[in-house]
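# Analysis of the macromolecular model
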Amino acid sequence: MKVRSDGYVALIHEPGVLGSGSVTEYVSKDKSQEYISVPWERSSVTLNEFFPRPDNDCGQGACSQLDTNTCLCGITLTEEAIFSGTDLPSRENVLSNCYIGAFDPTVLTGYDLFASSNGVEVHVLGSETQLSTSAIFKVIDEYGNTIFLKNLKSTIQWGEYQEDDARIGVTRTLRNVPNFNDLLTPELRDAQYEVDAFLDMLLKYPSTAPNICKLLIQHLAGISNPSPQYISEVATAFKEGIYIAETVTFGQGKYGDLRATSAAILLHREATTTVLDADPTYGSLREPISKVLKYMRSLEYTRTPQDKMIYPILDEMNLKVGQE
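Residues numbered from 1 in each chain as written. Predicted model: local features only at pLDDT ≥ 70, side-chain atom pairs only at ≥ 80, totals over all residues. Heavy atoms only, no water.

A few words now on the pairing of strand 6 (residues 111-117). Here strand 6 runs beside strand 7 (residues 120-125); their pairing, made up of six bridges, is antiparallel. Among the inter-strand pairings, Ala115 is bridged to a residue of strand 7, identified as Val122. Counting the residues between successive antiparallel strands, the hairpin from strand 6 to strand 7 contains two residues, one of them, Asn118, with a positive phi of roughly 50 degrees. (Pairing = 2+ DSSP bridges. Helix = DSSP H or I, 4+ residues; strand = E, 2+ residues; numbered from the N terminus.)

This is the structure in structure tokens:
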């Protein structure tokens, strides 16, 4: 792997290692620019991250210097079973420890149901009598989707070097980076799968629902500064896909259901009560540029040949109209 001086990593492959005389550019040692952020270990004293870089002799010699900004490290890939034996793990343990997806075992050859309990199904190859790296778990995730996860932990190990006196002889490890593209013959389909997975991750990131819902409240309900409780209840409707107002249920129970979200915004007591009208901080403030444009429309402003000079005048209106 290549490690940049800012800690970003690119996984590469030497030509011939994969049975071919060449590799595609995005995994080439000389041409790859596909860098990703990884969670390096930190010193308990200085809180600095441990990673090889040119200014520490590429990890005190554990790696070689590729250029003035990059170190090249050899790695060892280790794969092991997360759960072993015959005891079935809980759903929570599966979701918190298994990170590698799998195909539905019913479409694979040789897989049989091994055990099922408390929302967890595990399928193993027919000849196996206990959990191994080939076992596949079937569980319902926190969003109500059925997912399949491998009983596999894939770890990258690299070098041993000394960053400070307390870190002598420590083997560094990183969780193996997921890859959706074939290293020899990447296809457009694989790139589309990777983009889909990335967008799905962004949509279900913990802070996504509150941020989206705050913006929706500001624009649909006309409340510039909604309370944390208001945002929380709307975000819950967004994630659960259900909102119940008295005897009426909105939404179909799917993550991101906008029918449930809109109902939660417009029917929430903070949006319907008249008591808050007496609060001078309640309500909606227009953006500075929108406020100016509305004023211009009210004066029946019409364009003239000199309007091309108006853009500098409208710049930084938040400072000119006294609104931050």
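Resuming the write-up.
Time to look at the pairing of strand 9 (residues 146-150). Of the strand pairs in this sheet, strand 8 (residues 136-140) and strand 9 are connected by five bridges, and their pairing is antiparallel. Within the sheet, the bridge partner assigned to Phe137 lies in strand 9 and is Leu149. Turn length for the strand 8-strand 9 hairpin, with the two strands adjacent in sequence and antiparallel, is five residues, and the turn residue Gly144 shows positive phi of about 85 degrees.

Let's shift gears to the side chain of Asp257. Mapped onto the fold, Asp257 is located in the loop between strand 13 (248-250) and helix 6 (258-267). Buried and without a salt bridge, Asp257 has Arg259 as its closest oppositely charged side chain, separated by 6.3 Å. Every residue in contact with Asp257, bar those within four places of it in the chain, is listed here: Phe238, Gly241, Gly251 and Gln252. (Buried < 20%, exposed > 50% of the residue type's maximum accessible area, 1.4 Å probe, protein only. Lys, Arg positive; Asp, Glu negative; His and termini not counted. Salt bridge = Lys/Arg side-chain N within 4 Å of Asp/Glu carboxyl O. Contact = heavy atoms within 4.5 Å.)

Counted according to the given criterion, the structure contains seven salt bridges. Here Glu233 makes a salt bridge to Arg269, at a shortest N to O gap of 3.8 Å. One end of the pair, Glu233, is in helix 5 (residues 228-240); the other, Arg269, is in helix 7 (residues 269-272), and 36 residues separate them in sequence. Residue classification places Glu233 among the partly exposed positions, given a relative accessible area of 27%.

Going through the model one piece at a time under the given rule, you end up with two disulfides. Here Cys58 engages in a disulfide with Cys71; their sulfurs sit 2.0 Å apart. Residues Cys58 and Cys71 are joined through a disulfide that is left-handed, its torsion about the S-S bond being -85 degrees. In this pair, Cys58 is assigned in helix 1 (residues 57-60) and Cys71 in strand 4 (residues 70-72), connecting sequence segments 13 residues apart. By relative accessible area, Cys71 is classed as buried at 0%. (Disulfide = S-S within 2.5 Å.)

A few words now on helix 8 (residues 288-298). Within helix 8, the full set of buried residues consists of Pro288, Val292 and Met296. Looking straight down helix 8, one finds that the buried residues subtend no more than 70 degrees of arc, so they occupy a single side. Away from its buried face, by an angle of more than 90 degrees, helix 8 presents the exposed residues Arg297 and Ser298. Two residues or fewer past helix 8, Glu300 is found with a positive phi of approximately 55 degrees. (Arc of directions from axis to C-beta.)

Looking now at the packing of helix 5 against helix 6. Two numbers describe how helix 5 lies on helix 6: the axes approach to 8 Å, and their chain directions differ by 160 degrees. Considering the angle they form, helix 5 stands roughly antiparallel to helix 6. Where helix 5 crosses over helix 6, the two elements pack in a sense that is right-handed. Residues Tyr230, Val234, Ala237 and Phe238 of helix 5 touch helix 6, and the partners they reach there are Leu258, Ala260, Thr261, Ala264 and Ile265. Split into classes, the residues belonging to the contact of helix 5 with helix 6 amount to eight nonpolar, one polar and no charged. (Axes fitted to C-alpha atoms, helices over the stretch in contact; angles between N-to-C directions. Parallel < 35°, antiparallel > 145°, perpendicular 65-115°, else oblique. Left-handed = near helix turned anticlockwise from the far one by under 90°. Nonpolar A, V, L, I, M, F, W, Y, C, P; charged D, E, K, R; others polar.)

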